[in-house]
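Here is what each chain is made of, one letter per residue.
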Amino acid sequence: MHIAKIVLLALLLTLAKALFSGSTITIATLSVAVSLVAGAYWLARRGATHQAAAILIGSLIATLSLLVLSNGGIHDEAMLAFPALLVFAALVGNKWLMWAITLWTLLFIALLAWLHSRGWFAGLSAVRGYSAYFYTAIILLVTAISVGWLASDLRNVLITLNSEHQKLIDSQAEISHMAHHDALTGLPNRLLIQDRFQQVVARSQRHNSKAALMFLDLDNFKTVNDTHGHFTGDKLLKQIADALSETLRASDTVGRQGGDEFLVLLDELRGDADAAHIAEKLIAKVEQTGREFDASCQLSCSIGIAVYPLDASDFETLLKKADVAMYAAKRGGRQHHRFYEPSMASRIESRHGKPR
């Protein structure tokens with residue numbers, strides 16, 4: 001777009017000068033060229049860059065050729081613009097276009113030499129044989145080859161830079177994913193859960209709804225590791241992670257706190273009954289997953305639930321209270337859920353000795 005603007009300005013200045021001292025053919029040629037380049041500029045502003053470049057280059061080649069033919073031939077100032085066309089074609093990244101312009105320019109020089117021999121430019125100073133045409137053609141050919149090499153090197157550098165930039169973006173995305181997700185299960189980690197909690201709070205305040213944070217702990221999971229080994233235990237954890245994700249609603253989030261502990265963030269709750277219903281589904285799903293993994297596996301889970309904004313308005317406090325409620329669920333016989341109650345407050349201290 002900027003190149004079209006510069007070319008349009010140059011043509012307007014040239015046309016203004018031609019109106020005072022130029023021939024009718026020159027004025028007409030420049031007027032048509034201004035119209036075409038203005039159209040190319042209009043297309044470029046609307047994003048049609050390829051069409052704009054084609055019109056710009058085509059109109060300039062035709063304009064320059066007509067100006068050279070109708071004025072001073074090879075000595076006309078318009079000949080100086082042909083190398084600029086080669087550079088422009090190389091910059092737009094089309095080497096075939098550049099070599100097409102080079103071929104046309106060489107053929108055009110040959111045409112000028114032939115026309116000169118026929119007396120077309122008889123009114124101009126004599127040219128010593130064909131030397132001027134020959135040297136002009138050589139200079140343009142060398143220019144084209146040099147520009148082609150430089151443009152090729154520049155394109156290769158840009159390709160390399162783009163590749164490295166994409167690698168950097170991919171690395172940053174991977175690092176961000178690792179920082180916010182559990183390495184074993186791929187679930188969100190506590191940091192990401194906390195970030196999503198802020199979004200849930202905003203929606204809850206906007207819609208006057210409730211939210212809840214569940215602390216889910218697998219019962220007797222240490223027995224699985226001791227009996228089958230940690231490799232099998234990790235495999236089971238992955239299956240449980242998938243099972244929990246499949247059970248929850250699209251608006252909810254499940255993450256891994258660490259070890260055999262999971263966090264579940266529930267959004268848009270109408271009341272405690274919704275949270276209790278989801279908790280029962282999760283308990284049943286964990287038990288089913290354990291049986292499918294190994295018929296002899298007696299896997300269950302206990303869930304503690306803290307409700308926003310009733311129990312707390314900040315994530316850390318809500319997490320502590322959900323943890324205490326889960327502790328109470330385990331004390332009460334495991335494989336069921338408990339909502340946080342103020343009477344449990346005395347248990348918000350160390351979790352040492354918590355039944356597993």
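Residues numbered from 1 in each chain as written. Predicted model: local features only at pLDDT ≥ 70, side-chain atom pairs only at ≥ 80, totals over all residues. Heavy atoms only, no water.

### Thoughts on the nonpolar core
Reasoning step 1: By size, the foremost hydrophobic cluster in this structure holds 42 residues, and its most contacted members are Leu 11, Leu 56 and Phe 82.
Reasoning step 2: Counting residues per element, the ones that place at least two in this core are helix H1 (2-21), helix H2 (24-45), helix H3 (49-70), helix H4 (81-91), helix H5 (95-117) and helix H6 (131-180).
Reasoning step 3: Ignoring sequence-local partners within four residues, the contact set of Phe 82 consists of Leu 64, Ser 65, Val 68, Trp 104, Thr 105, Phe 108 and Leu 140.
Reasoning step 4: Core analysis: the next-biggest nonpolar cluster, separate from the first, contains 32 residues, Leu 187, Leu 218, Val 264 and Ile 283 among them. (Core = buried A, V, L, I, M, F, W, Y, C linked by side-chain atoms within 4.5 Å. Buried < 20%, exposed > 50% of the residue type's maximum accessible area, 1.4 Å probe, protein only. Helix = DSSP H or I, 4+ residues; strand = E, 2+ residues; numbered from the N terminus. Contact = heavy atoms within 4.5 Å.)

### Brief notes about H3
Residues that lie three or four places apart on an α-helix share one face, since the helix turns once every 3.6 residues.
Reasoning step 1: The terminal C-alpha atoms of H3 lie 31 Å apart, and with 22 residues this matches the ideal 32 Å at 1.5 Å per residue to within 8%.
Reasoning step 2: Those residues of H3 not exposed but buried are Ala 52, Ala 53, Leu 56, Ile 57, Ser 59, Leu 60, Ile 61, Thr 63, Leu 64, Ser 65, Leu 67 and Val 68.
Reasoning step 3: Along its buried surface, H3 packs onto H1, H2, H4 and H5. (Expected span 1.5 Å × (residues − 1).)

### A short note on a nonpolar patch on the surface
Reasoning step 1: Together, Val 87, Leu 91, Leu 154, Val 157, Leu 158 and Leu 161 make up an exposed nonpolar region whose accessible area comes to about 530 Å².
Reasoning step 2: It is H6 that contributes the most residues to the nonpolar patch, four residues altogether.
Reasoning step 3: Tracing the sequence through the fold places Leu 154 in helix H6. (Patch = residues over 30% accessible without salt bridge, like charges linked within 9 Å, V, L, I, M, F, W, Y side chains within 5 Å. Areas by Shrake-Rupley, 256 points an atom, 1.4 Å probe, with all protein chains shown as cover. Salt bridge = Lys/Arg side-chain N within 4 Å of Asp/Glu carboxyl O.)

### So, the side chain of Ser 59
Reasoning step 1: Position of Ser 59 among the secondary structure elements: in helix H3.
Reasoning step 2: Look past the residues within four positions of Ser 59 in its chain and what remains in contact with it is Leu 36 and Val 37.

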